[in-house]
Amino acid sequence: MLELPAHTEHLKDDILAEQQNNNNLENPGPLQTFEENLAKGEFRIQQCKDCGQHVFYPRLLCHHCGSNALKWVAVSGKGVVYSSAVVRQRPEKGGDYNISLIDLEEGPRLMSRVVDVDPEEVAIGMQVSAHVGMINDKPAVLFYNKEQGDKEW
Ligand SMILES: [Zn+2]
């Protein structure tokens, strides 16, 4: 167990989370598990076995009830745009793109991109679906506006 001065006691959870998020093959941390699932093309988030709430960003303790009984579950991938902003970028670097906060059907809100719509046209309330794609050569969760028709992913 960590021994910390009393006035830093409240940092213990953060420190433990940081340690477990470091690469540790015998005991992978939540972030590593999340990224390994993405690398397999699977978008999974955590769900608390005690209170039933879904949890994202990956972490050790449920931020609803403090339980450490978190399991990995598949999600529907359905979400709604909560807010959206356009990031301007030179065309030779890939052009403008959009950064959105997406509310998942399961509850958690996450930052991502809606990639099949012009960056300016991503609208609050737009329905989107998650897809595991690549950002900067790393697997990442991206979203498509499903109103544009079914897409084969
Ligand atoms: Zn909980």
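Given the structure is predicted, the values throughout are model-derived calculations rather than measurements.

The number of helices and strands found in the protein chain is 2 helices and 8 strands. Within the protein chain, the fraction of its 153 residues that count as buried is 22%. Restricting the contact set of the protein chain to residue pairs at least 6 apart, pairs at least 24 apart contribute 44%.

Moving on: the pairing of strand β5 (residues 97-104). Judged by which residues are buried, β5 turns out to be one-sided: N98, S100, I102 and L104 face inward and are buried, whereas Y97, I99, L101 and D103, on the alternate face, are not. Sheet topology places strand β4 (residues 78-87) next to β5; 8 bridges connect them, and they run antiparallel. Within β5, the position partnered with S84 by the bridge is S100. Pairing analysis gives 4 bridges linking β5 to strand β6 (residues 109-112), with the strands arranged antiparallel. Counted as the bridge partner of S100 is S112 from β6. Taking the residues between adjacent antiparallel strands as the criterion, β5 and β6 are bridged by 4 residues, where G107 takes a positive phi near 125°.

Moving on, we come to the sheet that holds strand β1 (residues 44-48). Hydrogen bonds between backbone groups are what pair the strands of a sheet, and the pairing can be parallel or antiparallel. Read from one edge of the open sheet, 3 strands run β2-β1-β3, paired in antiparallel fashion. At either end of the open sheet lies a strand with only one pairing partner, and these are β2 (54-55) and β3 (70-74). Note: β1 against β3, 5 bridges, orientation antiparallel. Paired with Q47 across the bridge in β3 is K71.

Right, let's talk about the environment of R113 for a bit. Along the chain, R113 turns up in the loop between β6 and β7 (127-135). By the C-beta count within 10 Å, which is 21 here, R113 ends up buried. Sequence spacing of R113 and V141 is 28 residues, and the spatial spacing of their C-alpha atoms is 8.1 Å. If we skip the residues at most four places from it in the chain, R113 touches Y97, N98, I99, S100, L142 and F143.

Counting 18 residues, the largest nonpolar core has V55, V81, I102, V114, V128 and F143 as its most contacted members. Within the residue set of this core, elements represented by two or more residues are β1, β5, β7 and β8 (138-145). No other element matches the 4 residues that β8 contributes to this core. Here this core spans two domains, and each of domain 1 (6-74) and domain 2 (78-148) adds at least three residues to it. With residues up to four places along the chain from it excluded, the contact list for V128 reads G79, V81, I102, V114, F143, Y144, N145 and K146.

Moving on to the sheet that holds β8. The antiparallel open sheet is built from 5 strands, whose spatial order is β6-β5-β4-β7-β8. Strands with a single pairing partner mark the edges of an open sheet, and in this sheet they are β6 and β8. Each strand of the sheet is rotated relative to its neighbour by a mean of 35°, with strand direction disregarded.

This brings us to the environment of K71. Summarising the element assignment, K71 is placed in strand β3. Classification of K71 by C-beta neighbours within 10 Å gives exposed; the count is 10. Put simply, K71 and R44 are 27 residues apart on the chain and 9.8 Å apart in space, counted from C-alpha to C-alpha. Beyond its immediate sequence surroundings of up to four residues, K71 is in contact with Q46, Q47 and K49.

Criteria and cut-off values
Residues numbered from 1 in each chain as written. Predicted model: local features only at pLDDT ≥ 70, side-chain atom pairs only at ≥ 80, totals over all residues. Helix = DSSP H or I, 4+ residues; strand = E, 2+ residues; numbered from the N terminus. Buried ≥ 20, exposed ≤ 12 C-beta atoms within 10 Å, placed from the backbone. Contact = placed C-beta atoms within 7 Å. Pairing = 2+ DSSP bridges. Core = buried A, V, L, I, M, F, W, Y, C linked by C-beta atoms within 7 Å. Domains from an automatic or database assignment. Axes fitted to C-alpha atoms, helices over the stretch in contact; angles between N-to-C directions.

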